[in-house]
Every structure is written in structure tokens, then in C-alpha cells.
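# Reading the structure
Listed below, chain by chain, are the residues.
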Amino acid sequence: NCTGGIVGGNNNSVTNCSAENVTVIVIGDNEFEENHIVQADVAECGGLVIGGGFGGTIDNCSASGTVKAEGNEPVGLGGIGGCLEMMDSITNCTADVKPDVCLETEGFSTKNYPSVIDNCKITVSIKADGATHVGGLIGTGLYYYGEETVFKVTNCSVTGSIDGAVTPGTVAGRAVGSVIESCDADILIDGVHADNQIGTTSCMYESA
């Protein structure tokens, strides 16, 4: 809990500080019950300046480095602060955060990040009653251990239909942090022409 480049947990003022080339690692596993986080106090709060801020101020601070997570479903990771609760103000700060990505683990690897999806033409007919994370091109970049792939999708087209899914998107069901550029989608969702390229799902493993 509360791992930071300058301070871990804080409830006062942090001013005129800098931290360079920091690596903040949040470890541990959170507790789950029926796919819901019921107690997120084991692996949480990691930031380049402050791990967890509880009131007070942060002013004129800068930091650069990497924030990474190990374990199962950590909560609250950020550049300036991981968890910032009831803060009075955060002003005049800069952070250069490098993502720590799953470049090689469990026998697979990638050379690109974000992962590239380019010049694909898709025709779909998806019938998925009650399914979540459903999209015409991508369902989701989230597979296991909470590691979520970020995509850069360019010059793609998707046509067809999606029926019965919960919060689907014409291009992606879930695509947190992804970029979709120069893509055309002509998708009927439950018989109605849809404009949302990304589904509105906000939860990792279940629909909003």
C-alpha cells in the first residue's frame, strides 16, 4: 500500500520536490468474491510523487519514471499520485510516466506497444445474448491477471450486426487507453444503427 517516489502516504503538504527515473512497484493480491473487489487494501496506491494522499496539497513537484504492478488486480496507480483522496489542491506539477507493459511473459511477447491494428476490413454477424466486452473488430484487450493491452487501430472498416450483447461497441467492446483513428463502422446493434466505436463497459470482467 501507498508506494511513492517521494513519499508513500501523506496528509500534509508536499512542495518543490522532484524525483527522476523512479520505478514504483505495487505488489500483492487483492481479495475477490464472485468477481467483485470487496477489499482493496492489499495492493493499491502507487505514484511517482505520492503513493497515497489523504488531504493536503501537492505543489510544484515533478517526477519521471515507471509505475508497474505485480500480483492480482491492483488498484490506484498514477503519475502524480496513486490514490488522492479529499485533497485540497494539486498544482504546478509535471509527470513523465512510462508504462510498464507485458512485453514478454508466460511464453508470449510483443514488439509493439500500443499493439497495432491497421488496414483491416471486417464483416460481422454477432449473436451474443448477455455477453459483455463485445465489438465488431475487437472484443477486449483484457485477458488474464488484469493485464490490459492498449491498441492503436487505424484505417479499418467494420460492417454488419451485433445482437444481444451488453454495452457493445461498433469497433471494440472495451478498449481502455486505446486510440481509434480513420476507421469506418456501419454496424446495427439490436437492429439500430450505432455510432459508438467503443462500448461503455467500465468494469474489468463484467459489464457496466
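Residues numbered from 1 in each chain as written. Predicted model: local features only at pLDDT ≥ 70, side-chain atom pairs only at ≥ 80, totals over all residues. Heavy atoms only, no water.

## Let's talk about the overall build of the chain
For the chain, the helix and strand inventory stands at 0 helices and 23 strands. Here the chain, with 208 residues, has 37% of them falling under the buried criterion. Considering only contacts within the chain whose residues lie at least 6 apart along the sequence, 76% involve residues at least 24 apart. Summed over all atoms, the accessible surface of the chain reaches about 11,200 Å², with 46% contributed by carbon and sulfur. (Helix = DSSP H or I, 4+ residues; strand = E, 2+ residues; numbered from the N terminus. Buried < 20%, exposed > 50% of the residue type's maximum accessible area, 1.4 Å probe, protein only. Contact = heavy atoms within 4.5 Å. Areas by Shrake-Rupley, 256 points an atom, 1.4 Å probe, with all protein chains shown as cover.)

## Side note on the state of the cysteines
Disulfide: a covalent bond connecting the sulfur atoms of a pair of cysteines. According to the stated counting rule, one finds 1 disulfide in the structure shown. Each sulfur in the disulfide pair Cys45 and Cys83 lies 2.4 Å from the other. Residues Cys45 and Cys83 are joined by a disulfide whose S-S torsion is about -100°; by sign, that bridge is left-handed. Taken as a pair, Cys45 in strand E7 (residues 44–47) and Cys83 in strand E12 (residues 81–85) lie far apart in primary sequence, 38 residues in all. We note that Cys45, like Cys83, is buried. (Disulfide = S-S within 2.5 Å.)

## Description of the sheet that holds strand E17 (residues 115–118)
Taken together, the 3 strands give an open sheet; going across it, the order is E17-E19-E21, and neighbouring strands pair in parallel fashion. Lying at the two open borders of the sheet, with one neighbouring strand each, are E17 and strand E21 (179–181). Ignoring which end each strand starts from, the neighbouring axes of this sheet average 10° apart. (Pairing = 2+ DSSP bridges. Axes fitted to C-alpha atoms, helices over the stretch in contact; angles between N-to-C directions.)

## Remarks on the sheet that holds strand E1 (residues 3–4)
Strand order across the open sheet formed by 3 strands is E1-E7-E11, with parallel pairing between neighbours. Each edge of the sheet is formed by a strand with only one pairing partner; in this case those strands are E1 and strand E11 (75–78). Pairing of E1 with E7, which is carried by 2 bridges, proceeds in the parallel orientation. Counterpart to Thr3 in the pairing with E7 is Gly46.

## Brief notes about the environment of Val26
Within the element layout of this structure, Val26 appears in strand E4 (residues 18–26). Residue classification places Val26 among the buried residues on the basis of a relative accessible area of 2%. When the C-alpha atoms of Val26 and Pro74 are compared, they prove to be 7.3 Å apart, with 48 residues separating the residues in sequence. Those residues in contact with Val26, other than ones at most four positions away along the chain, are Ala43, Glu44, Cys45, Gly46, Lys68, Ala69, Glu70, Pro74 and Leu77.

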